[in-house]
Amino acid sequence: AGESPVLPEMGAASSAALWTLSVLVAGVGSMESRLSSDSLPCRTVREATPLELRANAGTLGRDYLPSAYDPWLGPRSAGVIRLRYGFDARRLSQRPGAGACEYTPVGLDGQTEAWVRGCLAKPAAASRLAVWRALKRRLYHYDAGVLAFHAFPRNYLLSPAHWEELLAGRPNGGLAAALDVGAGDGSLCSPYARLFGSVTVTELTSPLVWRLKATPTQGASLQAVATAELTPRALGREQFDVAFCLNVLDRCKDPVRMVEQLHALLPPGGWLVVAVVLPWLQSDAVARGSHQRRARVVGGDFE
């Protein structure tokens, strides 16, 4: 279970050809979006109410991931988006050891609403989707995504204001060194990068690492590394003040080993920031090499 995943590597000629294709697709997609009137109506963006959360309003059923839900309230033509935020504080307070924990709710803010409205106003062009479907039959599916959606924002976790609030007490403040494991196309680390002096990001393949090198950091130095091993030798640094593992634990080969490696890279008082899609459901992002180690996570919801 500890083996590194084996991924196909592209030659220089193939890589250059694919990147040329991705730039062309981005250009065509951008032009298509400008000329198209396929924007989706968006009149209201709001948080789900506590009653809707308890009722699992919008749940899609067995054919989808347990965490998936329909954000549209009523017909799409009505333009009402309902996003799930919050948690049941009463239930959390009743769990063993809850007295030593702090729970900070994150709500819908203006930056998040603006991102949602922007995505609905300019959805992905049909040409990008067609290229993505064709590439993922031949490539590692994350490579296919980063090539087909070059220069197109696809992922979102927290707003810059949310990150600033949650990371306010980070070790070493603005001089801190951060590590982001499995950073994808960089869209999740870009909003917080400005809060650090340096950011090291990792991925498994050359296309993803090349894309990460273009991540906007607003002043922080950036190092992108192609590696599956989270060791000082592979990362070029002994320790990091803050390590991020965002939407990775449920998709990696060995979640327990990954947490152990990250812990070893943190000094006393260092922070580990983890984002996990809940309810927990593992899926092997790299269906090659060793089998995925199953992690025992109890419970069917956040609380």
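Just above sits the structure.
In this text, all values refer to a predicted model and were calculated from it rather than measured experimentally.

Visitor: Before we move on, can you summarise the overall build of the protein with the specific residues and values?
Guide: Tallying secondary structure elements over the protein gives 11 helices and 7 strands in all. Here the protein, with 303 residues, has 38% of them falling under the buried criterion. Of the contacts formed within the protein by residues at least 6 apart in sequence, a portion of 71% connects residues at least 24 apart. Taken as a whole, the protein presents about 16500 Å² of accessible surface, with 55% of it coming from carbon and sulfur.

Visitor: Pulling in residues and values, what's your account of the side chain of Arg 82?
Guide: Looking at the element boundaries, Arg 82 is found in strand β2 (residues 80–83). For Arg 82, the side chain forms a polar contact with the side chain of Glu 52, separated by 3.2 Å. Excluding residues that lie within four positions of it along the chain, Arg 82 makes contacts with Arg 46, Glu 47, Ala 48, Glu 52, Ala 57, Gly 58, Tyr 69, Asp 70, Pro 71, Trp 72 and Leu 73.

Visitor: Just give me the short version of the side chain of Thr 202, but keep the residues and values in it.
Guide: Within the secondary structure, Thr 202 sits in strand β4 (residues 198–203). With a relative accessible area of 2%, Thr 202 lands in the buried category.

Visitor: Which residues make up the nonpolar core, and what are the values?
Guide: Core analysis: the largest hydrophobic core is formed by 23 residues, its most contacted members being Trp 163, Leu 167, Tyr 192, Phe 196, Phe 244 and Leu 246. The element best represented in this core is strand β6 (residues 242–246), accounting for 3 residues. Excluding residues within four positions of it along the chain, Tyr 192 makes contact with Trp 163, Leu 167, Asp 180, Phe 244 and Leu 246. Formed by 16 residues, the second largest nonpolar core is a distinct cluster that contains Leu 230, Phe 240, Val 248 and Leu 265.

Visitor: Go over the pairing of strand β7 (residues 271–275) with me, naming the residues and quoting the values.
Guide: Pairing geometry for β6 and β7, over 5 bridges, is parallel. Along β7, the bridge assignment pairs Cys 245 with Val 274. After leaving β6, the chain enters helix α11 (residues 255–264) and then returns to the sheet as β7, a path that is right-handed.

Visitor: Account for the state of the cysteines, with residues named and values stated.
Guide: Throughout the structure, instances matching the rule amount to 0 disulfides. No disulfide involves Cys 252; its sulfur sits 6.7 Å from the nearest other cysteine sulfur, which is in Cys 245.

Visitor: Go over a nonpolar patch on the surface with me, naming the residues and quoting the values.
Guide: Taken together, the side chains of Val 259, Leu 272 and Val 274 make up a nonpolar region of the molecular surface, amounting to roughly 200 Å² of accessible area. Following the sequence through the fold, Val 259 ends up in helix α11. Note on Val 259: relative accessible area 33%, which makes it partly exposed.

Visitor: Please set out the pattern of salt bridges residue by residue, giving values where relevant.
Guide: Under the counting rule described, the total for this entry stands at 6 salt bridges. Linking Glu 164 and Arg 194 is a salt bridge whose minimum nitrogen-to-oxygen distance equals 3.2 Å. One end of the pair, Glu 164, is in helix α7 (residues 160–166); the other, Arg 194, is in the loop between α8 (190–193) and β4, with 30 residues separating them in the sequence. The exposure class of Glu 164 is partly exposed, given its relative accessible area of 42%. Classification of Arg 194 as partly exposed rests on a relative accessible area of 30%. Residues Glu 229 and Arg 257 are paired through a salt bridge, measuring 3.1 Å at the closest nitrogen-oxygen approach. Of this pair, Glu 229 sits in the loop between β5 (221–226) and α10 (232–235) while Arg 257 sits in helix α11, and the two are 28 residues apart along the sequence. Owing to a relative accessible area of 23%, Glu 229 belongs among the partly exposed residues under this scheme. By relative accessible area, which is 25% here, Arg 257 ends up partly exposed.

Visitor: Requested: an account of α11, with residues and values cited.
Guide: An α-helical segment advances 3.6 residues per turn. Residues three or four places apart therefore align on the same side. Turning to α11, its buried residues number three or more, namely Pro 255, Met 258, Gln 261 and Leu 262. Projection of α11 onto a plane perpendicular to its axis shows the buried side chains occupying an angular sector of 125°, all on one side. Residues of α11 that are exposed and point more than 90 degrees away from the buried face comprise Glu 260, His 263 and Ala 264. Where the residues of α11 are buried, they touch β3 (177–181), β6 and β7.

Visitor: Please set out the pairing of β5 residue by residue, giving values where relevant.
Guide: With 6 bridges connecting them, β4 and β5 associate as parallel partners. Bridging across to β5, Thr 202 finds its partner in Val 225. The parallel pair β4 and β5 is bridged by helix α9 (residues 206–212), and the resulting crossover is right-handed.

The rules we used
- Counting of residues starts from 1 at the beginning of each chain's written sequence and follows it residue by residue.
- Reporting in this predicted model follows two pLDDT cut-offs: at least 70 for local features of residues, and 80 or more for side-chain atom pairs to be given and counted; totals over whole chains, interfaces and linings ignore these cut-offs and use all residues.
- To get the side-chain values, all heavy atoms of the structure are used, and hydrogens and water are removed first.
- Numbering goes from the N terminus for both helices and strands, where a helix is a DSSP run of H or I of at least four residues and a strand is a run of E of at least two.
- Each residue's exposure class comes from its accessible area (1.4 Å probe, protein chains only) as a fraction of the maximum for that residue type: buried when under 20%, exposed when over 50%, partly exposed otherwise.
- Contacts are residue-level and defined by heavy atoms, with any inter-residue pair within 4.5 Å sufficient.
- In these tables, accessible area is a Shrake-Rupley quantity obtained with a 1.4 Å probe, and a residue counts as shielded only by the protein chains included in the view.
- The definition of a polar contact used here is a pair of N or O atoms within 3.5 Å, where within protein one atom must be able to donate a hydrogen and the other to accept one, and adjacent residues in sequence count solely through side-chain atom pairs.
- To define a nonpolar core, start from buried Ala, Val, Leu, Ile, Met, Phe, Trp, Tyr and Cys residues and group those joined through side-chain atoms within 4.5 Å.
- Pairing between strands is defined by DSSP: at least two bridges between them are needed.
- The definition of a right-handed crossover adopted here requires that, viewed with the strands pointing away, the path from the first strand over the helix to the second runs clockwise.
- Two cysteine sulfurs form what is called a disulfide whenever their separation falls within 2.5 Å.
- Residues with no salt bridge and a relative accessible area higher than 30% make up the patches, which join like charges within 9 Å and nonpolar side chains (Val, Leu, Ile, Met, Phe, Trp, Tyr) within 5 Å.
- By definition, a salt bridge exists where a carboxyl oxygen of Asp or Glu is found within 4 Å of a side-chain nitrogen of Lys or Arg.
- The arc in question is traced by the directions running from the helix axis to the C-beta atoms.

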